[in-house]
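Structural overview for review
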Amino acid sequence: MAEPLIDLRSDTLTKPTPGMRAAMAAAEVGDDVWHEDPTVNRLEERVAKLLGKEACVYVPSGTMSNQIAVRAHTQPGDEMICDASCHVLNYEAGGPAVLSGVTAKPLPGDYGILDVTQFEGQIRPDNEHAVRTRLVCLENTHNRGGGKVYPLEKIQAISAWARRNNLAMHLDGARLWNAVVATGIPAATWAAEFDTVSVCFSKGLGAPVGSALSGPRDLIARARRSRKLFGGGMRQAGVLAAAVIYALDNHVERLAEDHHNARVIAAAIRDVPGLRLTPPEVDTNIIWFEVDRALGTAKDVADAVRQRGVVIYPALPQACRICTHLDVSREQATKAAEAIRAAVPRLKPVKV
Ligand code: TLP
């Protein structure tokens, strides 16, 4: 039998493990829109506690979690400050504009990481011409920034600035678990700097569905209303929440393996002339790299490694993304690294 493909396009591709499926099958359920699903209630309490927040709401996706947060913090005509390559602004189908009437002031980040000095002078004047600056959104770890962990001191400085200026703080922590494991800094320490925190369970943790938004009770009550408005009120969602509880019990510490595997693959990329890691160091489970035009396109590189059983994502004409995850073993990561080392130098050089 042919060996299965090693699929590194995203950490969202994982399939539920047998243990996770057993937990799902055994879940106690009720109607969650009526707040009567005991497993969802247990999950929400657990996540709120983990993040040191009063309340939490379980939602179908990270996109919904971020967008109900934006809506809970703002009114139409408000503005959020974020980095220019963040998920909330670039990869959620224009959610802030479409769903909340919110405009954005994107600041150029260093692989997604902003410094407090960039915020000085960014608040709009209080007059009838201007939108009202209301919210700061940060992302940790940073997807487009190559899985970068936000330095905690930078977040603390931005948060102190936001509080001095009466702005709300939201964290897109789709991969906050990766930041926790990479640094040893507890989730609640990161979360303390934000009013609301979104976390995902369908990325590195390997659950099939779901994210959660945590924060103060009143804001989460507003967010819960928006979850219903956006069509995200689920009924016997305990079967899904059971998978998440299983993932929190079993799949957090193992993220260190994904980080190790990413470094193994990154070392291969570093060795191949014509490929350039962006950023040069890999903090967690995401790798981005650029392809020199003389070598070909990102698709040429992806096609070449695919012939050796490895699937990577040619996300941009000259850049690829690779994610390590639960369904990629150490041995497979080594094979992927070998495939890159072997396949890419054999690409026919292109005249530029
Ligand atoms: N990211 C997906 C794609 O949408 C790009 C991926 O394959 O990485 N925040 C961050 C930082 C994310 O990376 C993602 C998903 C989300 C939010 C949205 O989560 P979902 O897909 O559950 O809506």
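This part is about the site of the ligand. Around the ligand, 14 residues are found, and the nearest of them are Ser 10, Gly 62, Thr 63, Asp 172 and Arg 175. Between the ligand and the protein, one listed contact pairs an oxygen atom with a side-chain N or O atom of Ser 10 at 2.8 Å. In the environment of the ligand, a nitrogen atom lies 2.7 Å from a nitrogen or oxygen atom belonging to the side chain of Asp 172. Protein coverage of the free-state accessible area of the ligand, which is 510 Å², stands at 79%. Among the detected pockets, the ligand sits in the largest pocket. With 3 residues, the single largest contributor to the shell around the ligand is helix α3 (residues 62–73). Residues of the shell around the ligand, tallied by class, amount to 1 nonpolar, 7 polar and 6 charged.

As a further point, take the layout of surface pockets. In this structure, the largest pocket encloses a volume near 400 Å³. Lining the largest pocket are 27 residues, and of these His 87, Tyr 91, Asn 143, Arg 175 and Arg 321 lie nearest its centre. Those elements that provide at least two residues to the lining of the largest pocket are α3 and β12 (313–316). Looking at side-chain class alone, the lining of the largest pocket contains 8 nonpolar, 12 polar and 7 charged residues.

This part takes up the sheet that holds strand β10 (residues 286–291). In space, the 4 strands of this open sheet follow the order β9-β10-β13-β12, with antiparallel pairing throughout. Either end of the sheet is taken by a strand with one partner, and the two such strands are β9 (275–277) and β12. Averaged over all neighbouring strand pairs, the angle between strand axes comes to 35°, with direction disregarded. With 3 bridges connecting them, β9 and β10 associate as antiparallel partners. For Leu 277, the partnering residue across the bridge sits in β10 and is Phe 289. Against the sheet, helix α11 (residues 255–271) makes contact with β9, β10 and β13 (319–323), and its axis sits at roughly 10° relative to β10, the strand it touches most.

On to the side chain of Glu 44. Tracing the backbone shows Glu 44 in helix α2 (residues 38–50). A polar side-chain atom of Glu 44 sits 2.8 Å from the main-chain amide nitrogen of Tyr 58. Among all residues touching Glu 44, those that are not within four sequence positions of it are Cys 56, Val 57, Tyr 58 and Arg 224.

A few words now on the pairing of strand β3 (residues 78–83). Among the 6 residues that make up β3, 6 are buried, leaving the element largely enclosed by the rest of the structure. Where burial is concerned, the two faces of β3 agree: the one with Asp 78, Met 80 and Cys 82 and the one with Glu 79, Ile 81 and Asp 83 are both buried. As judged from the 4 bridges shared by β3 and strand β5 (residues 132–139), these two strands associate in the parallel manner. Paired with Glu 79 across the two strands is Thr 133, which belongs to β5. Where β3 and strand β4 (residues 103–107) come together, 5 bridges link them in parallel fashion. Within β4, the position partnered with Cys 82 by the bridge is Pro 106.

Of note, Ser 10 is situated in the loop between β1 (6–7) and α1 (18–25). A relative accessible area of 11% means that Ser 10 is categorised as buried. Of the polar contacts made by the side chain of Ser 10, one reaches the side chain of Arg 321; its length is 3.3 Å.

On inspection of all chains with the given rule, the structure shows 16 salt bridges. Residue Arg 132 is joined to Asp 78 by a salt bridge in which the shortest nitrogen-to-oxygen separation is 2.9 Å. A residue pair is termed long-range when its members are at least 10 positions apart, and Arg 132 in strand β5 and Asp 78 in strand β3 qualify at 54 residues. Its relative accessible area of 3% is what places Asp 78 among the buried residues. Arg 341 is the partner of Asp 271 in a salt bridge, and the nearest nitrogen-oxygen pair spans 2.7 Å. Remark: Arg 341 occurs in helix α13 (residues 330–343) and Asp 271 occurs in helix α11; sequence separation between them is 70 residues.

Moving on, we get to the confidence of the model for the protein. When pLDDT is averaged across the protein, the result is 97; 99% of the residues are at 70 or more. Mean pLDDT across the elements of the protein ranges from a minimum in α13, with 96, to a maximum in strand β7 (residues 196–200), with 99.

If you look at the biggest cluster of nonpolar residues, it comprises 52 residues, and the most contacted ones within it are Tyr 58, Val 136, Leu 138, Leu 176 and Phe 201. The contacts of Leu 138, once residues within four sequence positions are left out, are Leu 114, Tyr 150, Ile 155, Ile 158, Met 169, His 170, Leu 171, Asp 172 and Phe 194.

Next up on the list: the packing of α1 against helix α10 (residues 238–250). Where α1 contacts α10, the two axes come as close as 8 Å, and the packing angle between them is 140°. By the angle between their directions, the pair α1 and α10 is classed as oblique. Crossing handedness for the pair α1 and α10: right-handed. Contacts from Gly 19, Met 20, Ala 23 and Met 24 of α1 reach α10 at Val 239, Leu 240, Ala 242, Ala 243, Tyr 246 and Ala 247. Across the contact of α1 with α10, the residue classes break down as 9 nonpolar, 1 polar and no charged.

Quick notes on the rules
Residues numbered from 1 in each chain as written. Predicted model: local features only at pLDDT ≥ 70, side-chain atom pairs only at ≥ 80, totals over all residues. Heavy atoms only, no water. Near = heavy atom within 4 Å. Polar contact = N/O pair within 3.5 Å; in protein donor to acceptor, adjacent residues only side chain to side chain. Areas by Shrake-Rupley, 256 points an atom, 1.4 Å probe, with all protein chains shown as cover. 1 Å grid on protein atoms, 1.4 Å probe; cavity = no way out; pocket = protein on both sides within 12 Å on 5 of 7 lines; lining within 4 Å. Sits in = over half its atoms within 2 Å of the grid points. Helix = DSSP H or I, 4+ residues; strand = E, 2+ residues; numbered from the N terminus. Nonpolar A, V, L, I, M, F, W, Y, C, P; charged D, E, K, R; others polar. Points joined across faces, edges and corners; volume = space filled by probe spheres on them. Pairing = 2+ DSSP bridges. Axes fitted to C-alpha atoms, helices over the stretch in contact; angles between N-to-C directions. Contact = heavy atoms within 4.5 Å. Buried < 20%, exposed > 50% of the residue type's maximum accessible area, 1.4 Å probe, protein only. Salt bridge = Lys/Arg side-chain N within 4 Å of Asp/Glu carboxyl O. pLDDT = per-residue confidence, 0-100. Core = buried A, V, L, I, M, F, W, Y, C linked by side-chain atoms within 4.5 Å. Parallel < 35°, antiparallel > 145°, perpendicular 65-115°, else oblique. Left-handed = near helix turned anticlockwise from the far one by under 90°.

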